[in-house]
Structure formats: C-alpha cells, structure tokens
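If you want the building blocks of each chain, they are given just below.
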Amino acid sequence: MGAISIRDVVKRYGRGATANQVIHGVNAEIADGEFVVIVGPSGCGKSTLLRMVAGLEEISGGQIAIAGRVVNDVEPAGRDIAMVFQNYALYPHMSVFDNMAYGLKIKKVPAAEIRARVDKAAKILELGALLQRRPRELSGGQRQRVAMGRAIVRQPAVFLFDEPLSNLDAKLRAQTRLEIQNLHRELRTTSLFVTHDQVEAMTLAERMIVMNAGRMEQIGTPDEVYHRP
Ligand code: ADP
Ligand code: ADP
C-alpha cells in the first residue's frame, strides 16, 4: 500500500523577514499503484515537493502521508520509499550485483533472498548479463538502470524519481523511459516522477500535476490536461 496524501503543503526557505515561500498550499491524493508525474518549469518547486514526500526536506505547513503514515513522524530508516536521482552515484569498486545488493546486505536480508531480489530486478531491467561488471564498464543508460535496480530491490511502497533521465542523450532517454513504463506495468509500485520535459510527462503519466511558481495549476490525465477529446 503506497497511497500518498499531500494536504495544504507549504514550504518556506529561511525564516522571518527573509523567508522565501516556494510552495503555496499544494493538495493531491495519489492512489496506490498510480504513476503520477510532476511537471513544470525549472524553479517552480517540483524537486522541493518530491524531497518533502521523501522526508528529506522539512515541511513548513500542511501534511504529507504515505500509506496513512505522516512522513515526518517516521524515522528515515522506516520510510518505505526509494528514490532515483539524476546523478546516480554507483559504488565504482563494486560489481553491478553488489551495487544492487549493498543496501539489502546492510539491512541483513538473507543472502538467498538478496540473490532472488537482484535476479528479479536484473531480469526486469535486462541487466542479467552485466551483473559482474563494474560501473565504468557500463554505458550511461546501463548505469541508470543499475540505479533503478538498487531502488527496485528495496521493494518500497513508493518510488520517487527526480529527473532521472536528464543526463542521458535523446536515444537513451527514450529507451529508459520505455523501461520505466515496463517496470511500472510489472510492479505497479506507486510512483511520483519529477520532470521539466512535457513529452516525458505526457508519455509516462497516468495523471500529471502541473506546477508553476510553487502552485499546483492542474492535476489530471494527460488528455484532461491537454484538453484532448
Ligand atoms: P524545481 O525542482 O522545479 O526546479 P526547486 O524545488 O528546486 O524547483 O526550487 C524551487 C524554489 O526554491 C527555487 O526558487 C529555488 O531557488 C528555491 N530553493 C530550492 N532549494 C532551496 C534551498 N535549499 N534553499 C533556499 N532556496 C531553495
Ligand atoms: P544504503 O543507503 O547504504 O544502501 P540502507 O539501505 O540501510 O543503506 O539505507 C540507509 C538509509 O538511507 C535509510 O534511511 C534508507 O531509508 C535510506 N536510503 C537508502 N537508499 C535509498 C534510496 N534509494 N531512496 C531513499 N532512501 C534511501
């Protein structure tokens, strides 16, 4: 269960007279299993909103809950989310397998379970033949897939994507976008995906949140947002 509830959320950076309000009362209810894209121009507050959902940024007002649990009441280690960033820092000295397995080893997940989860993720992401390689022996797109694999093996209730395709060239971006769609078809994990790219938003979103200057201007399916019949 990974429903996300965002209620009257406000964010200010700084305090007192110099405070800068960058999120002005955002409301959204995201259903379990839904793929929602937050789209809008650079600086409109997308990343701030995503980081608040992740519990990485303090909320100035309102409330965010995942599966009925208020994000800021939950210890970081107990938050059932995995985030995929634009800059996917892989461990350079570790194999692809170990990069994906590392977080699970820390959590003392049994070795057989780790192997099963990594194999499953590798199959979905077509990384099966690359498990013994080091990151430097991979293409940019393959590295981004390993970063996604690392998120998948955690089996989180929610995936948070912060412009994960921005560093890829056009061809890889299109290919990785397809992989993210396949991934969602397979796992149906609730996903919140941030991008400034409208085409990316339209092709990936089940529903999209259109933001501008810290406000949510629209929420709906791509057809609703672009008024297509
Ligand atoms: P987006 O992801 O849409 O590009 P951000 O959420 O990164 O937008 O930024 C929204 C606004 O908040 C911008 O005006 C940005 O300058 C400001 N901002 C972001 N992070 C910080 C921070 N750590 N301290 C102060 N201001 C910030
Ligand atoms: P590691 O981050 O070294 O793989 P853990 O899985 O124990 O080890 O994670 C340590 C902390 O970082 C935990 O609070 C966990 O929730 C958080 N964390 C690790 N990976 C991610 C991720 N991809 N997205 C969000 N949080 C993460």
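Residues numbered from 1 in each chain as written. Chains lettered and ligands numbered in written order. Predicted model: local features only at pLDDT ≥ 70, side-chain atom pairs only at ≥ 80, totals over all residues. Heavy atoms only, no water.

The name given to the chain in an unreviewed UniProt entry is sn-glycerol-3-phosphate import ATP-binding protein UgpC, with the source organism recorded as Piscinibacter koreensis.

A. Representation of the site of ligand 1 in the model. Neighbouring ligand 1 are the residues Tyr 13, Val 22, Pro 41, Ser 42, Gly 43, Cys 44, Gly 45, Lys 46, Ser 47 and Thr 48. At a separation of 2.8 Å, an oxygen atom of ligand 1 approaches a polar backbone atom of Ser 47. Surface burial for ligand 1 is 57%, taken as the share of its 560 Å² of free accessible area covered by protein chains. Broken down by element, the residue count for the shell around ligand 1 peaks at 3 residues, all from helix H1 (residues 46–53). Classifying every residue of the shell around ligand 1 gives 4 nonpolar, 5 polar and 1 charged. (Near = heavy atom within 4 Å. Polar contact = N/O pair within 3.5 Å; in protein donor to acceptor, adjacent residues only side chain to side chain. Areas by Shrake-Rupley, 256 points an atom, 1.4 Å probe, with all protein chains shown as cover. Helix = DSSP H or I, 4+ residues; strand = E, 2+ residues; numbered from the N terminus. Nonpolar A, V, L, I, M, F, W, Y, C, P; charged D, E, K, R; others polar.)

B. Just the sheet that holds strand S10 (residues 215–220), in detail. Taken in spatial order, the 6 strands of this open sheet run S6-S7-S8-S3-S9-S10, and their pairing is mixed. The two strands at the open ends of the sheet, each matched to only one other strand, are strand S6 (81–84) and S10. Direction aside, neighbouring strands of the sheet carry axes that sit 15° apart on average. Taken together, the 5 bridges between strand S9 (residues 207–212) and S10 define a ladder with antiparallel strand orientation. Bridge assignment links Asn 212 to a residue of S10, and that residue is Arg 215. (Pairing = 2+ DSSP bridges. Axes fitted to C-alpha atoms, helices over the stretch in contact; angles between N-to-C directions.)

C. Quick look at the nonpolar core. The biggest cluster of nonpolar side chains holds 43 residues, and the ones touching the most others in it are Met 100, Val 118, Phe 161, Ile 180 and Phe 193. Excluding anything up to four places from it in sequence, Phe 193 contacts Phe 35, Val 36, Val 37, Ile 38, Phe 161, Pro 164, Leu 165, Ile 180, Glu 200 and Leu 204. Judged by nonpolar contacts, the second largest core, of 29 residues, contains Val 36, Met 52, Val 194 and Ile 209. (Core = buried A, V, L, I, M, F, W, Y, C linked by side-chain atoms within 4.5 Å. Buried < 20%, exposed > 50% of the residue type's maximum accessible area, 1.4 Å probe, protein only. Contact = heavy atoms within 4.5 Å.)

D. Highlighting the pattern of salt bridges. Using the criterion set out here, one finds 9 salt bridges in the structure. Linking Arg 7 and Glu 29 is a salt bridge whose minimum nitrogen-to-oxygen distance equals 3.1 Å. On the criterion of sequence distance, the pair formed by Arg 7 in strand S1 (residues 4–13) and Glu 29 in strand S2 (residues 20–30) is long-range, its members being 22 residues apart. A relative accessible area of 47% means that Arg 7 is categorised as partly exposed. Several salt bridges share partner residues, and in doing so they unite Lys 11, Arg 51 and Glu 57 into one network. (Salt bridge = Lys/Arg side-chain N within 4 Å of Asp/Glu carboxyl O.)

E. Up close: the packing of helix H4 (residues 140–152) against helix H5 (residues 170–187). Relative to each other, H4 and H5 sit at 20°, their axes nearing to 10 Å. Judged by the angle between their axes, H4 and H5 are roughly parallel. Between H4 and H5 the crossing geometry is right-handed. Residue-level inspection shows Gly 140, Gly 141, Gln 144, Arg 145, Met 148 and Ile 152 of H4 in contact with H5, the latter providing Leu 172, Gln 175, Thr 176, Glu 179, Ile 180, Leu 183 and Leu 187. (Parallel < 35°, antiparallel > 145°, perpendicular 65-115°, else oblique. Left-handed = near helix turned anticlockwise from the far one by under 90°.)

F. Representation of the packing of aromatic side chains within the structure. Inspection of the entire model under this criterion finds 5 aromatic pairs. A centroid spacing of 6.0 Å and a plane angle of 50° characterise the contact between Phe 159 and Phe 161, whose relative ring orientation is tilted. Both residues of the pair, Phe 159 and Phe 161, count as buried. Members of the aromatic cluster, each reached through a chain of ring pairs, are Phe 35, Phe 159, Phe 161 and Phe 193. (Phe/Tyr/Trp six-rings, centres within 6.5 Å; stacked < 30°, edge-to-face > 60°.)

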